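Summary of structural features
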Amino acid sequence: MLIKDTFSRLLHFAGNYNLEEAFTKGRQRIPLDDGRVRYLVRLELAPLDNQELRTNYGHYNVHTTWGHVPYDFGTKSYDLSGIIPFENFNLGLPPQKRAINTNHLQLQAELAELITESYFDFNAYICSTIDGRQFSNRNNQESEIDNQRTYQPVFTAIVNDIRSYLSSDQFQLEKLVLGEPVLVVEPEPLETLVKPEEKDQDVPLKRFKKLEFD
Amino acid sequence: MIIKDNISRLIYFDGNYSLNRAIDSNGGEIFLEKGQTRYLARLELAAPDYPEISENQVLFDVFTTWNDVYWQKGNHGAIRGFSSGLITFEELVREKRPPQKRADRTNHSELRDELADLFAGNHFNLNLRIYSEVDGKEFHRNLNNLKTYQSVFTDILGQLNNYWS
């Protein structure tokens, strides 16, 4: 029987970010009242001779608190009861699987400069309060958020996190011992995010309707 | 910022085995003249708190030289009998590599329990592919894969036992 014995290293990063502005695909700049973002990253590193990661991937998905807001054709507006409070949103679990493609080439290239001794598979969830439907009821591509441009500061923060960890003393391949996590840092509390002041529940609806008739 | 840094161990193995009998779904024995088998496996071992392997899994799949052969009923002037599509064992195993992904379920709980004893203190995920020239179609019977390939599983378990100790 032939045996090949190797390893794979799995890093999970998570952190918070406050965005101050967003950009639509129509190149419109939108200042944000509530730009809370949490990122959850799965980064797998494998030796260059491994059989499973044969190329580098940089992939991300954006999930917003508006993900389950349906359009109500009766009232011709969005049903805002579907908004999930950011605190209850998926803030815990990073992706559990590898990315199977790349949708952020620049990020992939930046990581490739940092990680040269192994292949990597980067898969990230961006959990966000920002959704294009907040700002316009016109359901067209122009009003959609340009994710790559809007979340660029978040990607920069993620790359910085990874850079600082990879250059730290904790990250040493010779310390690898099966069965013992190399490092576990306690979660950062959500309170570090700037939460906008509480407003009446129907305020978003009013704001939305105002935009609708403008 | 939160960081979690974990290692999993990946072991790939492959080997050959020659079967001399198969067991059908009714428990009947079939003696084999051609029983070449090759197995390719991906075994991942991790600590119990590894975030992506929360339980032990053992999955095996069987691929045979008869996979593309089907029974044609002879309608519309076709010949009644097996279709073409039979390949040789060498063609079946040519350039085959171990599975590249984790098993997502278990279809051999007995082997899983035996491996759990062997790798006590770790979680594991075994994804196994068996390439074989044994197929029930040849004998017009359905094979019981668990019983037919039991000696292959025993061989794998023995080899892993040697390797792990």
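Below or above, wherever it landed, is the structure these notes cover. Along every chain, residues carry numbers that run from 1 in the direction the sequence is written. All chains are assigned letters beginning at A, and all ligands numbers beginning at 1, according to the order in which they are written. Local features in this predicted model are restricted to residues of pLDDT 70 or higher, and side-chain atom pairs are both shown and tallied only at a pLDDT of 80 or more, whereas totals for entire chains, interfaces and linings draw on every residue. The side-chain quantities take in all heavy atoms of the structure and omit both hydrogens and water.

**Section: the packing of helix α2 (residues 109-118) of chain B against helix α4 (residues 150-164) of chain B**
Residue and element names in this part refer to chain B. Note on definitions: angles span 0 to 180 degrees between N-to-C directions of axes, and those axes are lines fitted to C-alpha atoms, for helices only across the stretch in contact. Secondary structure elements are defined from DSSP: runs of H or I of at least 4 residues count as helices, runs of E of at least 2 residues count as strands, and each element is numbered from the N terminus. Here α2 crosses α4 at 10 degrees, and the two axes come no closer than 11 Å. Accordingly, the angle class assigned to the pair α2 and α4 is roughly parallel. Together, L111, E114, L115 and L118 of α2 and F153, L157, L160, N161 and W164 of α4 make up the contact between the two elements. Any residue outside Ala, Val, Leu, Ile, Met, Phe, Trp, Tyr, Cys, Pro, Asp, Glu, Lys and Arg is labelled polar, Gly included; the first ten of those are nonpolar and the last four are charged. Residues that form the contact of α2 with α4 fall into these classes: seven nonpolar, one polar and one charged. An angle below 35 degrees is read as roughly parallel, one above 145 as roughly antiparallel, one from 65 to 115 as roughly perpendicular, and any other as oblique. Note on definitions: a residue-residue contact is assigned when non-hydrogen atoms from the two residues lie within 4.5 Å.

**Observations regarding the pattern of salt bridges**
Side chains that differ in sign of charge can pair as their charged atoms come close. The salt bridge definition used is simple: a Lys or Arg side-chain nitrogen within 4 Å of an Asp or Glu carboxyl oxygen. Taken as a whole and judged by the stated rule, the model has 19 salt bridges over all chains. A salt bridge links E52 of chain A to R42 of chain B; the nearest nitrogen and oxygen atoms lie 2.4 Å apart. One end of the pair, E52 of chain A, is in the loop between β4 (36-47) and β5 (57-64); the other, R42 of chain B, is in strand β4 (residues 36-46), on a second chain. When sorted by exposure, E52 of chain A lands in the same class as R42 of chain B, which is buried. Working definition: with a 1.4 Å probe on protein chains only, accessible area under 20% of the residue-type maximum means buried, over 50% means exposed, and in between means partly exposed.

**Some points on a nonpolar patch on the surface**
A cluster of nonpolar side chains, M1 and I3 of chain A together with Y163 of chain B, forms an exposed patch at the surface whose accessible area comes to about 220 Å². You can see M1 of chain A is positioned in the segment before β1 (2-18). Since its relative accessible area comes to 32%, M1 of chain A is described here as partly exposed. Patch membership is restricted to residues that have no salt bridge and whose relative accessible area is over 30%. Joining uses 9 Å for like charges and 5 Å for the nonpolar side chains Val, Leu, Ile, Met, Phe, Trp and Tyr. For accessible areas, the Shrake-Rupley method is used with a probe of radius 1.4 Å. Any residue's cover is judged against the shown protein chains and nothing else.

**Topic: helix α1 (residues 105-114) of chain A**
Residue and element names in this part refer to chain A. By the burial criterion, the buried members of α1 are L107, Q108 and L111. The arc that holds every buried residue of α1, seen down its axis, measures 100 degrees, which confines them to one face. Opposite its buried face, α1 presents the exposed residues L105 and E113, each directed more than 90 degrees away. Considering only its buried residues, α1 is in contact with β5, β8 (118-128) and α3 (152-166). By definition, the arc is the one covered by directions from the helix axis to the C-beta atoms.

**Some details on the interface of chain A and chain B**
Reports often express the size of an interface as the amount of accessible area lost when the parts come together. Counting residues at the interface gives 38 residues for chain A, matched by 34 residues for chain B. Contacts described as polar in this section are N or O atom pairs within 3.5 Å, which, within protein, must combine one atom able to donate a hydrogen with one able to accept it, while residues neighboring in sequence count only if both atoms come from side chains. Put simply, chain A and chain B have 12 residue pairs in polar contact (both at pLDDT 80 or more) between them. Only β1, β4, α3 and β9 (183-184) of chain A provide two or more residues apiece to the side of chain A that touches chain B. Among the elements that make up the side of chain A that touches chain B, the one with the highest residue count is β1 of chain A (14 residues). A breakdown of the residues in the side of chain A that touches chain B according to their chemical character gives 19 nonpolar, seven polar and 12 charged.

**Some thoughts on the side chain of D14 of chain B**
All names here are of chain B. With respect to the helices and strands, the residue D14 is situated in strand β1 (residues 2-18). Here D14 falls in the buried class, since its relative accessible area comes to 16%. A polar contact of 3.1 Å, which involves the side chain of D14, links it to the side chain of R38.

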